[in-house]
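# Commentary on secondary and tertiary structure
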Amino acid sequence: MDTENLLGQFLRARRELLQPEDLGLPVGVRRRVSGLRREEVARAAGVSTDYYVRLEQGRERHPSAQVIDALARALELEEDATAHLHELARPTAGRPHGQGGQGGQGGGPEQVSLRLLRMMDAWPHTPAVVLGRRMTVLAANMLGEALFAGHAHSGDLVRLVFLDPDARTFYPEWDRVALNTVAGLRQSIGADYDDPALVELVGELSLKSREFRELWARHDIRQKTHETKRFRHPLVGELTLHYEALTVNSAPGQQLVVYQADPGSASEEALGLLGSLTA
């Protein structure tokens, strides 16, 4: 994983995803590049083509905040992606590295506080898991563990999506889950691409999964916040659950993800059955 020019890689990937019509440019002209040309992005952002080329090539690494905002508008970036672009443009010395420990810093393993574990255990009817920065399951209450049980990678949601042979059965809307998983992983790690465990994860998935390689190359950024997700559980069948992802302020980088079914729904009954089977 090349970490020498993260800013340039991001700009190029997002430029290649846009089409001329996205900026109101004429269509139908033969083009030798996918997406937008560099000069088209430069013009839309109000900077010189030479300056923009230097940014993509890594010869200019620290553009001003005003230039970053202009590029974000030109590339039609959403809020999370814009924040990520600002982070990539910060000097390297200002970025956090070596996530680990209870708060995700210090180089050790990520740990979940005893108070949070006790709180999760007090929710016997609500699946809950704590995810680390690389979407590994650091902790789960009984129902949360049961929700993801039975897979080769139940404790690692990224590997589960892309490497488990039954992932497309477990996630009926696999394409959407895969896209959001990669975008969420990029958002979670920020600009800290020197994390050895992340390098290992990306390297393994890039070798073993064509879909992961293609999605990783897009540089999508999306914070995990809330969503409705469908599951096809091997024990209780179809589940439609809503989740909220909550930041654990006492442990930066960790997220508490809580799942709920609509009251009175078949999914609520299925969750109750799952709880009784695993009690």
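Just so it is clear, the model here is predicted, and its values are computed rather than measured.

## Regarding the overall build of the protein
- Counting its secondary structure elements, the protein contains 13 helices and 5 strands.
- Buried positions account for 47% of the 279 residues belonging to the protein.
- Taken as a whole, the protein presents about 13800 Å² of accessible surface, with 50% of it coming from carbon and sulfur.

## Description of the packing of helix α1 (residues 6–17) against helix α5 (residues 79–89)
- Axis separation between α1 and α5 bottoms out at 9 Å; the angle between their running directions is 150°. Classified by the angle between their axes, α1 and α5 sit roughly antiparallel to one another. Our pair here, α1 against α5, has a crossing hand that is left-handed. Contacts between α1 and α5 pair Leu6, Leu7, Phe10 and Leu11 from the former with Ala81, His84, Leu85 and Leu88 from the latter.
- Looking at the contact of α1 with α5 residue by residue, the class counts come to 7 nonpolar, 1 polar and no charged.

## Some words on the environment of Ala266
- Relative to the helices and strands, Ala266 is located in helix α13 (residues 266–278).
- By relative accessible area, which is 62% here, Ala266 ends up exposed.

## Notes on the confidence of the model for the protein
- Averaged over all residues, the pLDDT of the protein is 89; the fraction at 70 or higher stands at 89%.
- Predicted confidence for residues 93–106 stays below pLDDT 50, and this span has 40 contacts to residues more than four positions away or in other chains.

## A word on the side chain of Asp220
- Structurally, Asp220 can be placed in the loop between α12 (210–218) and β3 (226–233).
- Within the structure, the side chain of Asp220 is placed 2.5 Å from the side chain of Arg14, a separation counted as a polar contact.
- Not counting chain neighbours up to four residues away, the residues in contact with Asp220 comprise Arg14, Leu17, Leu179, Val182, Ala183 and Arg186.

## Examining a nonpolar patch on the surface
- A cluster of nonpolar side chains, contributed by Leu235, Leu273 and Leu277, occupies part of the molecular surface with about 290 Å² of accessible area.
- Along the chain, Leu277 turns up in helix α13.

## Some thoughts on the pairing of strand β4 (residues 237–247)
- Here 8 bridges tie β3 to β4, and the two strands are oriented antiparallel to one another. Of the residues in β4, the one forming a bridge with Arg230 is Thr240.
- Taken together, β3 and the strand that follows it, β4, pair antiparallel across an intervening segment of 3 residues.
- When β4 meets strand β5 (residues 255–260), the two strands line up antiparallel, connected through 6 bridges. In the strand pairing of β5, Thr247 is matched with Gln255.

## Remarks on the side chain of Glu40
- Along the polypeptide, Glu40 turns up in helix α2 (residues 38–45).
- A relative accessible area of 8% means that Glu40 is categorised as buried.
- Within the local environment of Glu40, its side chain forms a polar contact with the backbone nitrogen of Arg37, the two atoms lying 2.8 Å apart.

## Some details on the nonpolar core
- Within the largest apolar cluster, 68 residues are counted, with the highest numbers of intra-cluster contacts made by Leu71, Leu85, Phe148, Phe162, Tyr171, Phe231 and Tyr259.
- With near-sequence residues (within four places) excluded, Phe148 lies in contact with Val129, Ser154, Leu157, Leu160, Phe170, Tyr171, Phe231 and Tyr259.

## Considerations on the packing of aromatic side chains
- Scanning all chains against the criterion turns up 11 aromatic pairs.
- Plain terms: the ring middles of Phe148 and Tyr259 are 6.0 Å apart, the flat faces sit at 65° to each other, and that makes the pair edge-to-face. Here the residue Phe148 occupies a position in the loop between α7 (142–147) and α8 (157–163), and Tyr259 occupies one in strand β5, the gap between them amounting to 111 residues. Tyr259 shares its class with Phe148; the two are buried.

## Digging into the packing of α2 against helix α3 (residues 49–57)
- In contact at an axis separation of 9 Å, α2 and α3 are set at 115° when each is read in the N-to-C sense. If you check the angle between α2 and α3, you find them roughly perpendicular. α2 and α3 meet at a crossing whose hand is right-handed. Where α2 abuts α3, its residues Arg38, Glu39, Val41 and Ala42 lie against Thr49, Tyr52, Val53 and Glu56.

## Quick look at unusual backbone geometry
- A positive phi angle, close to 55°, is found at Glu76, a residue other than glycine.
- Here Glu76 lies in the loop between α4 (65–74) and α5.

Cut-offs and rules
- Residues numbered from 1 in each chain as written.
- Predicted model: local features only at pLDDT ≥ 70, side-chain atom pairs only at ≥ 80, totals over all residues.
- Heavy atoms only, no water.
- Helix = DSSP H or I, 4+ residues; strand = E, 2+ residues; numbered from the N terminus.
- Buried < 20%, exposed > 50% of the residue type's maximum accessible area, 1.4 Å probe, protein only.
- Areas by Shrake-Rupley, 256 points an atom, 1.4 Å probe, with all protein chains shown as cover.
- Axes fitted to C-alpha atoms, helices over the stretch in contact; angles between N-to-C directions.
- Parallel < 35°, antiparallel > 145°, perpendicular 65-115°, else oblique.
- Left-handed = near helix turned anticlockwise from the far one by under 90°.
- Contact = heavy atoms within 4.5 Å.
- Nonpolar A, V, L, I, M, F, W, Y, C, P; charged D, E, K, R; others polar.
- pLDDT = per-residue confidence, 0-100.
- Polar contact = N/O pair within 3.5 Å; in protein donor to acceptor, adjacent residues only side chain to side chain.
- Patch = residues over 30% accessible without salt bridge, like charges linked within 9 Å, V, L, I, M, F, W, Y side chains within 5 Å.
- Salt bridge = Lys/Arg side-chain N within 4 Å of Asp/Glu carboxyl O.
- Pairing = 2+ DSSP bridges.
- Core = buried A, V, L, I, M, F, W, Y, C linked by side-chain atoms within 4.5 Å.
- Phe/Tyr/Trp six-rings, centres within 6.5 Å; stacked < 30°, edge-to-face > 60°.

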